[in-house]
Amino acid sequence: MSDPGVGVPLRLITIPWSHYCEKARWALDRAGVPYREDAYLPLAHALPALRAGGRRSVPVLVSPAGVLRDSTDILRYADTLVPPERALFFREPDAACADVEALEERFDLDLGPASRRVAYFHLLPDEEGAFALMGGSFRSLDGAGAAPPWWFGRGVFRAYYPVARAVMRRAMRIDAAGAERSRGKIRAVFDAVNERLRDGRPFLVGDRFSAADLTFAALAAPLIVPEHYPVPFPFAGLPAVLRELIEALRAEPAGAFVQRVYREQRHRKAGPPAGG
Ligand SMILES: N[C@@H](CCC(=O)N[C@@H](CS)C(=O)NCC(=O)O)C(=O)O
């Protein structure tokens with residue numbers, strides 16, 4: 001396990017089920033670096049993120065290298081803690097390195113907001129489902145963030161949820177027209193990944209796991225619900241229309257790729273996986 005440096009414990013501020021937070025958490029787990037996850041519900045996350053020196057969005061990592069406010073910066077930081085052959089961004093400045101960077105950015109800009117918008121568009125109307133997802137996701141964490149907040153009971157949730165939902169819908173432009181446009185973006189990204197995987201390659205770029213694979217898998221996860229996602233998404237409890245979309249995407253090469261990468265590469269407490 002690498003030592004991040006000066007004995008300052010890393011602190012990762014998250015909304016625990018958020019796919020950008022999962023992207024950052026996966027990179028830290030993979031680097032084998034100890035950190036504490038401080039998990040918050042949407043809305044409640046903003047003040048701690050700002051107080052830590054971040055923006056309103058999470059993940060925020062408080063690290064010896066400073067406060068990192070973006071999942072890509074956290075992946076780059078995790079890369080400083082592993083040997084070059086395990087870095088998520090290839091170190092040789094060649095075509096493969098540029099390919100990883102371009103894919104990671106495309107998934108960040110196109111796939112992440114779109115998969116989140118479509119998933120939330122179907123999930124948010126279901127208050128019971130949201131209660132189950134939010135409570136369950138806290139219980140899945142280790143250590144400091146393991147319990148839902150003290151006020152997280154059904155009664156308070158009923159008052160909190162409509163406010164949080166309205167803010168989330170506005171902030172992330174979650175509506176029917178937005179969901180439709182996002183489905184188009186998801187289609188374009190999945191088509192591109194299906195095409196890339198057509199020759200049977202095990203990874204999106206080169207012969208080893210990279211930031212492109214990790215970012216695609218994490219940011220597609222709300223629409224694949226991989227078995228090994230560390231925060232449980234109770235698939236059976238999801239609305240039927242979302243379950244159907246998930247089943248359809250899982251059946252594509254890109255969807256199967258996400259499931260496989262999670263199974264083979266996602267280890268909560270790191271140690272090098274075989275072939276990784
Ligand atoms: N580009 C950012 C995106 C992070 C992001 O969109 N985070 C969402 C959670 S999935 C968030 O914090 N949303 C609440 C807000 O912006 O207030 C990254 O890669 O870290």
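Everything below is about the structure printed above this text.
This text gives an overview of the structure that appears in the document. These numbers were taken from a predicted model, which means no experiment stands behind them.

### Observations concerning the overall build of the protein
And then number 1: Each helix and strand in the protein was counted, giving ten helices and four strands.
And then number 2: Counting from the amino terminus, the protein carries its helices and strands in the arrangement β-α-β-α-β-β-α-α-α-α-α-α-α-α.
And then number 3: Considering the protein as a whole, with its 276 residues, one finds that 37% of them fall into the buried category.
And then number 4: Across the protein, contacts joining residues at least 24 apart in sequence account for 72% of those joining residues at least 6 apart.

### Observations regarding the nonpolar core
And then number 1: Core analysis: the biggest nonpolar cluster contains 66 residues, and Ala27, Leu61, Ala78, Ala217, Ala220, Ala221 and Val258 have the highest contact counts within it.
And then number 2: Each of domain 1 (10–86) and domain 2 (95–265) contributes no fewer than three residues to this core.
And then number 3: Here Ala78 is in contact with Ala27, Leu28, Arg30, Ala31, Val33 and Leu88, once residues within four sequence places are set aside.

### With respect to the sheet that holds strand β3 (residues 60–63)
And then number 1: Spatial ordering of the open sheet is given by β2-β1-β3-β4, a layout of four strands whose pairing is mixed. Where the open sheet ends on each side, the last strands, each with one partner, are β2 (35–39) and β4 (66–68). Strand-to-strand, the axes of this sheet are offset by a mean angle of 15°, without reference to chain direction.
And then number 2: Pairing of β3 with β4 involves three bridges; the strand directions are antiparallel. Pairing of Ser63 across the sheet is with Gly66, part of β4.

### A short note on the site of the ligand
And then number 1: Taken together, 14 residues lie around the ligand, and Ser18, Tyr20, Ser57, Asp70 and Ser71 are the ones closest in.
And then number 2: For the shell around the ligand, the secondary structure elements donating two or more residues are α3 (71–79) and α4 (95–123).
And then number 3: When residues of the shell around the ligand are assigned to domains, at least three fall in each of domain 1 (10–86) and domain 2 (95–265).

### A few points about the pairing of β3
And then number 1: Residues Val60 and Val62 line one face of β3 and the alternating positions Leu61 and Ser63 line the opposite face, and both faces are buried.
And then number 2: Direction of pairing for strand β1 (residues 10–14) relative to β3: antiparallel, over a ladder of three bridges. Across the sheet, residue Leu12 finds its bridge partner in β3, namely Leu61.
And then number 3: Between β3 and β4, which pair antiparallel one after the other, the connecting turn spans two residues.

### Focus on the pairing of β1
And then number 1: Counting buried residues in β1 gives four out of five residues, a clear majority hidden from the surface.
And then number 2: Strand direction decides the pairing type here: β1 and β2, joined by five bridges, are parallel. Bridging from a neighbouring strand, Leu12 pairs with Glu37 of β2.
And then number 3: The parallel pair β1 and β2, bridged by helix α1 (residues 19–31), forms a crossover whose chirality is right-handed.

The rules we used
- Residues numbered from 1 in each chain as written.
- Predicted model: local features only at pLDDT ≥ 70, side-chain atom pairs only at ≥ 80, totals over all residues.
- Helix = DSSP H or I, 4+ residues; strand = E, 2+ residues; numbered from the N terminus.
- Buried ≥ 20, exposed ≤ 12 C-beta atoms within 10 Å, placed from the backbone.
- Contact = placed C-beta atoms within 7 Å.
- Core = buried A, V, L, I, M, F, W, Y, C linked by C-beta atoms within 7 Å.
- Domains from an automatic or database assignment.
- Pairing = 2+ DSSP bridges.
- Axes fitted to C-alpha atoms, helices over the stretch in contact; angles between N-to-C directions.
- Near = placed C-beta within 6 Å.
- Right-handed = clockwise from strand over helix to strand, strands pointing away.

That's the geometry; what it means functionally is another story.
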